Amino acid sequence: MTTPLLSLTDIHYTYAGTTMPALTGANLELFPTSRLGVLGHNGSGKTTLFLAAMGILTPSKGTITYANSQLKVEKDFILLRSEIGYLFQRSDDQLFSPTVIDDVAFGPLNLGKTPEQALRIAAEKLSLVGLKGFENRITHKLSGGEKKMVALASVLAMQPKALLLDEPTNDLDPDTRERLIHILKNLDIALCIISHDWDFLDRTCTSFLSVENGETKATEFIPHTHIHTHQGGNVTHKHE
Ligand SMILES: Nc1ncnc2c1ncn2[C@@H]1O[C@H](COP(=O)(O)OP(=O)(O)OP(=O)(O)O)[C@@H](O)[C@H]1O
Ligand SMILES: [Mg+2]
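Residues numbered from 1 in each chain as written. Chains lettered and ligands numbered in written order. Predicted model: local features only at pLDDT ≥ 70, side-chain atom pairs only at ≥ 80, totals over all residues. Heavy atoms only, no water.

Q: An account of the coordination of the magnesium ion (ligand 2) is requested, with residue identities and associated values reported.
A: Thr-47 (OG1) and Gln-89 (OE1) make up the full set of protein donors to the magnesium ion (ligand 2), lying at 2.0 to 2.2 Å. Taken as a pair, Thr-47 in helix H1 (residues 46-53) and Gln-89 in the loop between strand E6 (84-87) and helix H3 (100-110) lie far apart in primary sequence, 42 residues in all. The class for Thr-47 is partly exposed, based on a relative accessible area of 24%. A residue is classified by how much of its surface remains accessible, and Gln-89, at 31% relative accessible area, is partly exposed. (Donors = N, O, S within 2.8 Å, 3.2 Å for Na, K, Ca; no water. Helix = DSSP H or I, 4+ residues; strand = E, 2+ residues; numbered from the N terminus. Buried < 20%, exposed > 50% of the residue type's maximum accessible area, 1.4 Å probe, protein only.)

Q: Please give an account of the nonpolar core that cites residues and values.
A: Membership of the largest hydrophobic core comes to 37 residues, with the highest contact counts inside it found for Val-104, Met-149, Leu-152, Leu-163, Leu-184 and Ile-193. For this core, the element with the highest residue contribution is helix H5 (residues 144-156), accounting for 7 residues. For Leu-163, the residues in contact, after removing those within four places along its chain, are Gly-85, Val-155, Leu-156, Leu-184, Leu-187, Ile-189, Ala-190, Leu-191 and Cys-192. Formed by 32 residues, the second largest nonpolar core is a distinct cluster that contains Leu-6, Tyr-13, Leu-80 and Ile-194. (Core = buried A, V, L, I, M, F, W, Y, C linked by side-chain atoms within 4.5 Å. Contact = heavy atoms within 4.5 Å.)

Q: Residues and numbers for the sheet that holds strand E3 (residues 35-39), please.
A: If you trace the 6 strands from one edge of the open sheet to the other, you get E6-E7-E8-E3-E9-E10, paired in mixed fashion. Each of the sheet's edge strands pairs with one partner strand only, and the pair in question is E6 and strand E10 (215-218). For this sheet the average axis-to-axis angle between neighbouring strands, irrespective of direction, equals 15°. Where strand E7 (residues 162-166) meets strand E8 (residues 190-194), 5 bridges bridge the pair, whose relative direction is parallel. Paired with Ala-162 across the strands is Ala-190, a residue of E8. Contacting E6 and E7, H5 runs over the sheet at an angle of about 170° to E6. (Pairing = 2+ DSSP bridges. Axes fitted to C-alpha atoms, helices over the stretch in contact; angles between N-to-C directions.)

Q: I'd love a proper account of the state of the cysteines, names of residues and values included.
A: Throughout the structure, instances matching the rule amount to 0 disulfides. Here Cys-192 stays free of any disulfide, with the sulfur of Cys-205 as its closest cysteine sulfur at 7.8 Å. Of the residues examined, Cys-192 reaches a relative accessible area of 0% and is grouped as buried. The buried category is assigned to Cys-205, whose relative accessible area is 7%. (Disulfide = S-S within 2.5 Å.)

Q: Please set out the layout of surface pockets residue by residue, giving values where relevant.
A: In this structure, the largest pocket spans a volume of roughly 470 Å³. Lining of the largest pocket is provided by 19 residues; of these, Arg-81, Gln-94, Phe-96, Val-155 and Met-158 occupy positions nearest its centre. Of all the elements in the fold, those that place two or more residues in the lining of the largest pocket are E6, H3 and H5. Considering each element in turn, the lining of the largest pocket owes the most residues, 5 residues, to H3. The residue inventory of the lining of the largest pocket, partitioned by class, reads 11 nonpolar, 5 polar and 3 charged. (1 Å grid on protein atoms, 1.4 Å probe; cavity = no way out; pocket = protein on both sides within 12 Å on 5 of 7 lines; lining within 4 Å. Points joined across faces, edges and corners; volume = space filled by probe spheres on them. Nonpolar A, V, L, I, M, F, W, Y, C, P; charged D, E, K, R; others polar.)

Shown next as structure tokens:
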């Protein structure tokens, strides 16, 4: 068995000003070939788990290991952040440059690419996500779905070894959601995806983790046998 690329073990975290812990012994293991879907009710701790993985918040207890090194303080997360692409639940937390091309080129520039190389990669990723021609648009004026896809282009532009995606289908129309599925299926990197869109998880992931009240457990997500309503439809049904 290969060693995990990323592992979080027994993670505990309570937000300042609250008494209820958001994470109470959560675990996550991501291997280079993982396609892990993360399910759980609103407020169960899914986003908090990703924030801990990226070192954006510091757990009160637990260990985080990336590429065989234990990460404890801010500077330990530099390598992980350059190699793992993180798509935020809210795109407004992710996008900060005035124009779309600046946002997407920022990552590669930061990784040491020349301005020409960074612009070429950015243009290529914008085209991949279906936003060719959006280069000079004002980022904060884009629609919700457009922002989501710009954010995806910006993480893909970093040529990551793994992606943590927090509710990537939010705001996407059915065609754009299909495009996203196609893009993800063609990537040869580790994927960890939080979503309430079970059909989407079924099509993009091969193992599943459920988060309940700040705790994680591997779950038998049984593709095709859950009851659901299709996007755009209103009849709840079950596939055999
Ligand atoms: N900045 C914060 N300050 C205080 N409490 C917070 C903060 N962020 C999250 N929480 C609380 O921590 C718990 C876990 O939140 P989290 O965002 O991880 O849930 P989630 O599983 O991602 O939910 P959703 O499916 O709605 O996105 C919730 O009870 C939430 O209210
Ligand atoms: Mg969340």
